[in-house]
Amino acid sequence: MALQCGIVGLPNVGKSTLFNCLSNAKAQAANFPFCTIEPNVGVITVPDERLNKLAELVHPGRIVPTTVEIVDIAGLVKGASKGEGLGNKFLANIRETDAIIHVLRCFDDENVTHVDGSVNPVRDKEIIDYELQLKDLETVESRLQKVQKQAQTGGDKAAKQAYDVLVQYKAALEQGRSARTVSFETKDEQKIAHELFLLTAKPVMYVCNVDEASAATGNAYVEQVRQAVKDENAEILVVAAKTEADIAELETYEDRQMFLAEVGLEESGVSRLIKSAYKLLNLETYFTAGEMEVRAWTYEKGWKAPQCAGVIHTDFEKGFIRAEVIKYDDFIQYGSEAAVREAGKLGVEGKEYVVQDGDIMHFRFNV
């Protein structure tokens, strides 16, 4: 499943440097706006130690990790919602993504110019929020014009529900709040809200790009961001993109780990970012484990066994009979599928089973 996170931010905040670290793609990282004009797409491997531990026990012919797509989108400037700079292109590209990684500059460096002349991550965040909110307000008002008459004069229940959803969104956006701060209780309302595809309804993670000295602890700029987003349904991650680029240049795993230890980190920011992006997309992983391969499969949290079987092949979902399930901890404890069976720890589940992160699955089907 090709779900995408879009990396956004003002020019010169470190987006392309971070993207290069993530994907090893050569997005041009230059000290001027709009060096990334076409969105660069990187297919990123999701780090998962569980996959390696399973492989150590099974000794498969190959190991296949799961992936997530990251899109580096051109830098945005004030007036993007009205088409300034590369605004229209930016907004079109971000609309196509499933979640947003919003990079904020949280470091001082007189050699890297700032598009607004000074470092202020909260102001930078508000610039992008404002442009996206304006575009969403335009969308909401346009839809309101279409459904208002039906909702108020006719007996159209669907139009009434759509009207109510739109009115709530309009009120929030006019107050300078993003659409993601509005929640709906009924499934019908949630469906209507989802089908609006509002830019500010997408899940977001704020990445505070700091200097090397602040990589482990953060700094005053990061604290300003924490305060600014405390009422949002959003994650914050602290990453030193320039340091990550230096780490990526090192050839051996041991050298990279030594560098991380020197700056006070147990895990690279890139690794933490990929894992967080995966969760941001509401994704989880199940495994298949056999002599041919040990493989990680991506599915959306809450999916039932037949849907997860369909990730492998549509025939698995169509002809689903049952799923044989081993919990990851049980597999590690007993060391093999045969030992798990002997211990009575293998579960047989039907169509209503909700797959859990880390499950080791074997599907029975007939078509």
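One can find the structure itself at the top, above this paragraph.
To keep things clear, this report deals only with the structure shown in the data block. (Residues numbered from 1 in each chain as written. Predicted model: local features only at pLDDT ≥ 70, side-chain atom pairs only at ≥ 80, totals over all residues. Heavy atoms only, no water.)

So, the pattern of salt bridges
Definition in use: By salt bridge we mean one thing: a side-chain nitrogen of Lys or Arg within 4 Å of a carboxyl oxygen of Asp or Glu. Using a 1.4 Å probe on the protein chains alone, a residue whose accessible area is under 20% of its type maximum counts as buried, one over 50% counts as exposed, and one in between counts as partly exposed.
Considering all chains together, one arrives at 20 salt bridges under this definition. Across the pair arginine 295 and glutamate 293 runs a salt bridge whose closest N-O atoms are separated by 3.7 Å. By relative accessible area, arginine 295 is classed as partly exposed at 24%. Look at glutamate 293 and you get buried, because its relative accessible area is 16%.

Re the packing of aromatic side chains
Put simply, the rule reads: Stacked, tilted and edge-to-face are the three classes applied to pairs of Phe, Tyr and Trp rings, where Trp contributes its six-membered ring and a pair requires centres within 6.5 Å; stacked means planes under 30 degrees apart, edge-to-face means over 60, and tilted covers the rest. What counts as a helix is a DSSP run of H or I of at least four residues, what counts as a strand is a run of E of at least two, and both are numbered from the N terminus. Definition used: whenever NZ (Lys) or CZ (Arg) falls within 6 Å of the ring centre and also within 35 degrees of the ring normal, the charge is taken to sit over that ring.
For the structure on display, the rule yields six aromatic pairs. Where tyrosine 286 meets tyrosine 299, the ring centres are 5.9 Å apart and the plane angle is 40°; that geometry is what we call tilted. In this pair, tyrosine 286 sits in strand β8 (residues 283-289) while tyrosine 299 sits in strand β9 (residues 293-300), placing the two residues 13 residues apart along the sequence. The class of tyrosine 286 is buried, set by a relative accessible area of 0%. These aromatic residues form a ring-pair network of at least three members: Tyr286, Trp297, Tyr299, Phe320 and Phe363. Sitting over the face of the ring of phenylalanine 107, arginine 105 holds its NZ or CZ atom 4.5 Å from the ring centroid. Stacked on the ring of tryptophan 297, the Lys or Arg arginine 295 has its end atom at 4.2 Å from the ring centre.

Comments concerning the pairing of strand β10 (residues 320-326)
Selection criterion: For two strands to be treated as a pair, DSSP must find at least two bridges joining them.
With respect to burial, β10 is a largely interior element, five of its seven residues being buried. As defined by bridge partners, β10 adjoins strand β12 (residues 360-365) across six bridges and the pair is classed as antiparallel. Looking at β12, one finds that glutamate 324 is bridged to histidine 362.

As for the environment of alanine 151
Going by this rule: In what follows, residue pairs with any heavy atoms lying within 4.5 Å of each other are defined as contacts.
Here alanine 151 shows up in helix α4 (residues 121-153). The contact partners of alanine 151, leaving out residues within four places of it in the chain, are Ala159, Lys160 and Tyr163.

Considerations on helix α8 (residues 241-249)
Here is the rule: Throughout, the arc means that of the directions going from the helix axis to the C-beta atoms.
All of the buried residues along α8 are Ala241, Thr243, Glu244 and Ile247. The buried residues of α8 occupy an angular sector of 155° when the element is viewed end-on, so they sit on one face. Within α8, the exposed residues directed more than 90 degrees away from the buried face are Lys242 and Glu249.

Comments concerning the nonpolar core
This is how the line gets drawn: By nonpolar core is meant a set of buried Ala, Val, Leu, Ile, Met, Phe, Trp, Tyr and Cys residues that side-chain atoms within 4.5 Å join together.
In terms of nonpolar packing, the biggest core is built from 57 residues, with Ile70, Ile101 and Val207 touching the most fellow members. The element best represented in this core is helix α10 (residues 269-280), accounting for six residues. Counting 20 residues, the second largest nonpolar core, distinct from the first, contains Tyr169, Ala172, Leu173 and Ala193.

Concerning the packing of α8 against helix α9 (residues 253-262)
Here is the rule: Axes here refer to lines fitted to C-alpha atoms; in helices the fit is confined to the stretch in contact. Angles between the N-to-C directions go from 0 to 180 degrees. Should an angle fall under 35 degrees it is called roughly parallel, over 145 degrees roughly antiparallel, and 65 to 115 degrees roughly perpendicular, with every other angle called oblique. Left-handed is the label given to a crossing in which the near helix is rotated counterclockwise from the far helix by less than a right angle, and right-handed is the label when the rotation is clockwise.
Across the interface, α8 lies against α9 with an axial gap of 9 Å and an inter-helix angle of 150°. By the angle between their directions, the pair α8 and α9 is classed as roughly antiparallel. The chirality of how α8 crosses α9 is right-handed. Two secondary-structure elements touch here, α8 through Thr243, Asp246 and Ile247 and α9 through Arg256, Phe259 and Leu260.

Quick look at the sheet that holds strand β2 (residues 40-45)
Strand order in the open sheet formed by six strands is β2-β4-β1-β5-β6-β7, with mixed pairing between adjacent strands. Two strands in the sheet have a free side with no partner beyond their single neighbour: β2 and β7 (234-239). Each strand axis lies, on average, 25° off the axis of its neighbour in the sheet, ignoring direction. Where strand β1 (residues 4-8) and strand β4 (residues 67-72) come together, four bridges link them in parallel fashion. Paired with isoleucine 7 across the two strands is aspartate 72, which belongs to β4. The strands touched by α4 are β5 (99-105) and β6 (204-209); relative to β5, the strand with the most contacts, the crossing angle is about 145°.

Describing the pairing of β5
In terms of residue burial, β5 counts as a mostly covered element, since seven of its seven residues are buried. What you see with β5 is no split at all: Ala99, Ile101, Val103 and Arg105 on one side and Ile100, His102 and Leu104 on the other are buried throughout. Pairing between β1 and β5: four bridges, direction parallel. Counterpart to cysteine 5 in the pairing with β5 is alanine 99. Examined bridge by bridge, β5 and β6 share six bridges and lie parallel to one another. Each bridged residue has a counterpart across the sheet, and for valine 103 the counterpart in β6 is valine 207.

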